[in-house]
Amino acid sequence: MIITFENQKGGVAKSTSAVNMAHGLALRGFNTLLIDLDGQGSISNLLGLPAGDDLYRWLIVQPRQFDCVVQYATGRPNLSVIRSHQMTGPLKVALSGVDFREQVLAKALRGYEEIYDYVIFDCPPGVDILHTAALVAADALIIPTKLDQLSSIGVQEIMFSLATIIEKTNSNCQMMGIIPTFYDEVTNESQIQLEGLLNEYQGLVWPVIRVDTVCREASRLGKTLWEMPGQPKARLGYAECLAKMLRID
Amino acid sequence: MATNENGTPKADPSVMALLAKSKDRKAFQSLPTVERAKVKKKRDRQTARIGKRGAYDLEPELIEAMKKIAEDEGTTASQVVGIALHMFLAKRVDLSIYKVKLERNPRYEYELVWKE
């Protein structure tokens, strides 16, 4: 199954969610490939890996065949990653001259099922060709959203993008869930935004991820939440989301 | 996945519980001080009961008998049952005389049958 994590708004914990859900799947024995489509290279940082231009090499330098994939072993069982860094900018330029470029990821991932149970895309904020290509290639969309007004608007926008892409292309991508992040139980705003999401999207709203300093510590240490000691509040939320995802899948 | 009548997925119970808890907290904070103290006392009582409750299948006559004694003694049925169980434990009752072998129970070996 191919799952894309998207929200047009930045800073909503897309990369954190993608990394922790992917590593959670890997720890449960699912062979998982995490693909960083964001030129900021956050995935490498979050996993404590050196930066790399795997995405550029996979899509442009090497033939777009999955058996030539340049996935990077993360040192974590069942988890591989295709890293991204500043070469993602030239990649988008290179793709602008390619016919049917919105199909580029779907074509590159042909036959992935023979190797991987799950492929997870971490998308950059905003709308670009890789964002569209991810929605075309994916089977499911998960939207992490911070519990604030602008991020909630980002949810509406990405839902609209998905509807447009399904209409204009042969994408089979289905809306899977919305992960409310940075939930702070002592602020009214978190409650109001969560209620708003629930009224609008009902069962699509997944368990919340509480605001948690451990997330910041984990990114500094290059570890996932599953590798942090104790019982971080945010990890409990991701564990619930993971259980929900596996039930739906 | 559980769905509503219109086919949309039902709201996640953990999200609903979180919102309910938050509403309770807000309602509590908006109470006058006296009311707040009452609610807090009630809540503390409920918290103190955690781990002190057990459910057992008993004959209705036994339940009624405990209620009757509690009424007569002006106390609660829980207190009466508590004393009865302490007496039982203190006397180290030999249960073997009440044991009846169960034939087809996959879980338990014996049934205890009361003999007058």
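Model, not experiment: these values are computed from the prediction.

What counts as what
Residues numbered from 1 in each chain as written. Chains lettered and ligands numbered in written order. Predicted model: local features only at pLDDT ≥ 70, side-chain atom pairs only at ≥ 80, totals over all residues. Helix = DSSP H or I, 4+ residues; strand = E, 2+ residues; numbered from the N terminus. Buried ≥ 20, exposed ≤ 12 C-beta atoms within 10 Å, placed from the backbone. Pairing = 2+ DSSP bridges.

I tried to follow unusual backbone geometry on my own but got confused; where do I start?
Glycine aside, residues mostly have negative phi angles, and peptide bonds mostly take the trans form. The phi torsion at A:Asn78 lies on the positive side, around 70°, for a residue other than glycine. Relative to the helices and strands, A:Asn78 resides in the loop between β3 (72-73) and β4 (79-82). A positive phi angle, close to 45°, is found at B:Arg92, a residue other than glycine. By the element assignment, B:Arg92 lies in the loop between α4 (77-91) and β1 (99-101). Residue B:Arg92 is classed as exposed on the basis of its C-beta count, with 7 C-beta atoms lying within 10 Å.

So what exactly am I meant to see when it comes to the pairing of strand β5 (residues 118-122) of chain A here?
The side chains of a regular strand alternate between the sheet's two faces. Residue and element names in this part refer to chain A. Among the five residues that make up β5, five are buried, leaving the element largely enclosed by the rest of the structure. Neither face of β5 is exposed, since Tyr 118, Ile 120 and Asp 122 on one face and Val 119 and Phe 121 on the opposite face are all buried. Summarising the sheet, strand β1 (residues 2-5) and β5 pair through four bridges and their orientation is parallel. The residue bridging Thr 4 from the neighbouring strand is Phe 121, located in β5. Strand direction decides the pairing type here: strand β2 (residues 32-36) and β5, joined by five bridges, are parallel. By the bridge assignment for β5, Asp 36 is matched with Asp 122.

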